[in-house]
Amino acid sequence: MVRELLDKARELSMFTAYNTNVDAIVYLNGKTVQRLIDEFGAEAVKRRMEEYPREINEPLDFVARLVHALKTGKPMAVPLVNEELQAWFDSHFKYDVERMGGQAGIIANLLANLDFREVLVYTPHLAKRQAEMFVKKPNLFYPVVENGKLVLKHPWEAYRENDPVKVNRIFEFRAGTTFRLGNETITVPFSGRFIVSARFESIRIYTEPELKSFLPEIGQRVDGAILSGYQGIKLRYSEGKDANYYLREAKKDILLLKREKDVKVHLEFASIQNRELRKKVIYNLFPLVDSVGMDEAEIAYVLSALGYDKLAERIFTYNRIEDTVLGGKILIDEMNLELLQIHTIYYIMYIAHADNPLSEAELRQSLELATTLAASRASLGDITSPDQISVGMNVPYNERGEYVKLRFEEAKRRLRTKEYKLVIIPTRLVQNPVSTVGLGDTISTGAFTSYLAMLKDNGEL
Ligand SMILES: Nc1ncnc2c1ncn2[C@@H]1O[C@H](COP(=O)(O)O)[C@@H](O)[C@H]1O
Ligand SMILES: O=P(O)(O)OC[C@H]1O[C@](O)(COP(=O)(O)O)[C@@H](O)[C@@H]1O
Ligand SMILES: [Mg+2]
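Residues numbered from 1 in each chain as written. Chains lettered and ligands numbered in written order. Predicted model: local features only at pLDDT ≥ 70, side-chain atom pairs only at ≥ 80, totals over all residues. Heavy atoms only, no water.

Going by an unreviewed UniProt entry, the chain carries the name ADP-specific phosphofructokinase and comes from Thermococcus peptonophilus. Database annotation for the chain, UniProt heading Catalytic activity (unreviewed entry): "beta-D-fructose 6-phosphate + ADP = beta-D-fructose 1,6-bisphosphate + AMP + H(+)". What UniProt records for the chain under Function (unreviewed entry) is the sentence "Catalyzes the phosphorylation of fructose 6-phosphate to fructose 1,6-bisphosphate using ADP as the phosphate donor." (UniProt positions renumbered as here; feature names shortened; annotations may be inferred.)

Written out as C-alpha cells, the structure is:
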C-alpha cells in the first residue's frame, strides 16, 4: 500500500523554496556536554537556563539552551545572532558531517532522490558550496531568468560565485546520554537534534525581483509547492527593511504561485523563538496556504503566540494527545487551513475539516507513508532511491503504539470532533537513528505529496 502510494506521488511535479544551508553536525556524547557545563560552571548554566535566552549572543546562552533541550529531549532551534561566535563554535567542536540543510534543500534532495517527475527548488542564495550539496539528478532544477525567459538549470549550473553561505550547527543527541548539572544527574529522554541557526543580515528569505514575475508560470507547471524558511526573517535590518516588508513579499509570492492555477501550498513551520515574529508569520501566511506541518514544540509555540499559553505549556510539557487535538482544532479553525499535520516523537496527526475530499482511511495512508519515509531516513541517514522505502517498512511502530491509539479514541470521545476529520498513527521509531535532523521535513514531504497524489487520483486536483 505504502509503496503504491509513493509510486503515485512520484508522478507529481513539485516546487520548493526558500531556505538552504550547510548543516555542520556534531554527535554529542555525555563527556562533551559535561565539559561544556564544567567550563561555565553548573550554577551559571542553571541561572541562564531559568532566564531562557531566545537567541545566542554568547556561549553561555548556547550551553543553557542546549542543556534545556537535552533535559526535555525536545527538538529545538535557537538563532545565533552574534557572528563573532562562529569562531568559538569552530574552536570547541569538530563537525562529524557536513550536509545539505534547510527545509527547501532537504525536501528538494529527497524528492529528486525519490524520482519525482520534476523538482524545482528556489533558494535566494546559491553559492558553489551550497549548490554542490544538491544531488546530481536529472529531475532537479533551479529556476533562472535568461533573456527575459524562465530557464530551468540544475543547481550545479546555476550557482553564483559571490553568494553568502549559511552554516547551521546541529547537535545530535541520543536518548540515554547522561551528564551532571550540579547535584542533578540528567539522562536525555529522547533522541533528537538541537539547531544553532545562523541568523545574519546577509541571509534573506525572498524571491529575486526578476524571478518574481515567473512565479505564476512555476505555479502552473507544478502540482504543489512546499514553502519554508520564514523563520529566517529578522524583525529589522540595518538598511531599514523589516519583517513586515519581507512578509508582504512572501504573501505576494504565494498569491503569484496561485495566480494561474490554485496550486496547493504547504508551509513547513519551524521554530521561531521571537514571539513577535512568530505571530507575524502565523497571521500573515497561514491564511494563504492550504496545509501546514510542524512538530510538537512548534505547535506549542504557535498556540502560545495565539494567546493559548496554558494549552501550549501542557503540550510542551506532557505532549498529551488530547491537548494536541484541541490545539489542532483551534489552529485549523482560526487560520481556516485545509490540512494541519503535526509530527511528534510518538505519533503523527492530521486534522482537517469534515468536508475534506479525502476519507480518514486515505489520510491515514498518507501519514503511513510519511512515517515510513522518516524511518528509512533515520535508519540510513539519507534516502537515495525510492526502493529504500522498504527499510522503513521493516521498522515497527514505537512501543507506545497501542497506548497512542487508546488515548486518541479517548480524546475523540471527550472533545467535539464531529466537524473534523482526525487521523493519528504511531511513529515507526528507529532505535539508533543515524541522524534525526531533517526527519520532520521528510515526514511533511511524504505527507503532503501523498495527500496531493490521492487528491489527483480522486479528480480533486
Ligand atoms: N529515531 C526516529 N525514527 C523515526 N522517526 C523519528 C525518529 N526521531 C524523530 N522522528 C520523527 O521525526 C520528527 C522530527 O520532526 P522535526 O520537525 O525534525 O522536529 C519527530 O516528531 C518524529 O515523528
Ligand atoms: O531555520 P533555518 O536556519 O533556516 O534552518 C532550518 C534547519 O532545519 C532543518 O531544515 C531541519 O529541520 P527538521 O529537523 O525540522 O526536519 C535543518 O537542516 C536546518 O538547519
Ligand atoms: Mg521540523
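Student: Would you mind going over the pairing of strand β2 (residues 21-27) with me for this structure?
Tutor: Buried residues dominate β2, accounting for six of its seven residues. Sheet topology note: the β2/strand β4 (residues 97-101) ladder contains five bridges and is antiparallel. Across the sheet, residue I25 finds its bridge partner in β4, namely V97. Pairing between β2 and strand β8 (residues 167-173): six bridges, direction parallel. By the bridge assignment for β8, V22 is matched with V167. (Buried < 20%, exposed > 50% of the residue type's maximum accessible area, 1.4 Å probe, protein only. Helix = DSSP H or I, 4+ residues; strand = E, 2+ residues; numbered from the N terminus. Pairing = 2+ DSSP bridges.)

Student: Teacher, can you tell me more about the packing of aromatic side chains here?
Tutor: Under the counting rule described, the total for this entry stands at 18 aromatic pairs. Ring geometry for F62 and W88: centres 5.8 Å apart, planes at 70 degrees, overall edge-to-face. Placement of the pair is F62 in helix α4 (residues 59-72) and W88 in helix α5 (residues 85-92), with a sequence separation of 26 residues. A residue is classified by how much of its surface remains accessible, and W88, at 13% relative accessible area, is buried. An angle of 35 degrees between the planes, with centres 5.7 Å apart, marks the rings of Y122 and Y142 as tilted. Pair noted here: Y122 is in strand β5 (residues 118-122) and Y142 is in strand β6 (residues 140-146), with a separation of 20 residues, a long-range link. For the pair shown, Y122 and Y142 are each scored as buried. By way of ring pairs, the aromatic residues F40, F62, W88, F89, F93, F171 and F194 are connected into one cluster. The residue whose ring lies beneath R65 is Y52, and the NZ or CZ to ring-centre distance is 3.9 Å. The ring of Y397 carries the charged tip of R428 above its face, separated from the ring centre by 4.5 Å. (Phe/Tyr/Trp six-rings, centres within 6.5 Å; stacked < 30°, edge-to-face > 60°. Lys NZ or Arg CZ within 6 Å of the ring centre and 35° of its normal.)

Student: Can you walk me through the UniProt feature "active site" (unreviewed entry) in the chain in this structure?
Tutor: Sequence positions flagged by UniProt for "active site" (unreviewed entry) are, in local numbering, D441. Relative to the assigned elements, D441 resides in helix α18 (residues 439-457). Apart from residues no more than four positions distant in its own chain, D441 is found in contact with G102, Q103, I106, I107 and E268. (Contact = heavy atoms within 4.5 Å.)

Student: I would appreciate a short explanation of the sheet that holds strand β1 (residues 13-18) in the present structure.
Tutor: Across a sheet, paired strands are connected by hydrogen bonds in the backbone, their directions being either parallel or antiparallel. One open sheet holds the ten strands; their spatial order is β7-β6-β5-β1-β12-β13-β14-β15-β16-β17, and the pairing between them is mixed. The open sheet has two edge strands with one neighbour each: β7 (149-153) and β17 (420-426). Across the sheet, the mean angle from the axis of one strand to that of its neighbour is 20 degrees, orientation sign disregarded. With five bridges connecting them, strand β14 (residues 291-295) and strand β15 (residues 339-343) associate as parallel partners. In the strand pairing of β15, S291 is matched with L339. Along the sheet, helix α17 (residues 401-414) makes contact with β16 (347-353) and β17, crossing β17 at roughly 165 degrees. (Axes fitted to C-alpha atoms, helices over the stretch in contact; angles between N-to-C directions.)

Student: Could you clarify how one ought to interpret the packing of helix α12 (residues 296-305) against helix α13 (residues 309-318) in this entry?
Tutor: In helix packing, the relevant descriptors are the interaxial angle and the interaxial distance, both defined with respect to the helix axes. The geometry of α12 relative to α13 is characterised by a closest axis approach of 8 Å and an angle of 170 degrees between their N-to-C directions. Judged on the interaxial angle alone, α13 and α12 are roughly antiparallel. Where α12 approaches α13, its residues E296, A297, I299, A300, L303 and S304 are matched on the opposing element by D309, L311, A312, I315 and F316. Of the residues belonging to the contact of α12 with α13, the class tally is eight nonpolar, one polar and two charged. (Parallel < 35°, antiparallel > 145°, perpendicular 65-115°, else oblique. Nonpolar A, V, L, I, M, F, W, Y, C, P; charged D, E, K, R; others polar.)

Student: What should I look at first to understand the nonpolar core in this one?
Tutor: Buried together is how nonpolar side chains tend to be arranged in soluble globular proteins. Within the largest apolar cluster, 163 residues are counted, with the highest numbers of intra-cluster contacts made by F15, F62, F171, F194, Y230, F269 and F286. A total of nine residues in this core trace back to one element, the largest contributor, which is α18. The residues touching F269, leaving out its near neighbours within four places in the chain, are R278, V281, I282, F286, V292, G293, M294, E298 and V302. Counting residues in hydrophobic clusters, the runner-up holds five residues, among them A77, I170, I195 and V437. (Core = buried A, V, L, I, M, F, W, Y, C linked by side-chain atoms within 4.5 Å.)

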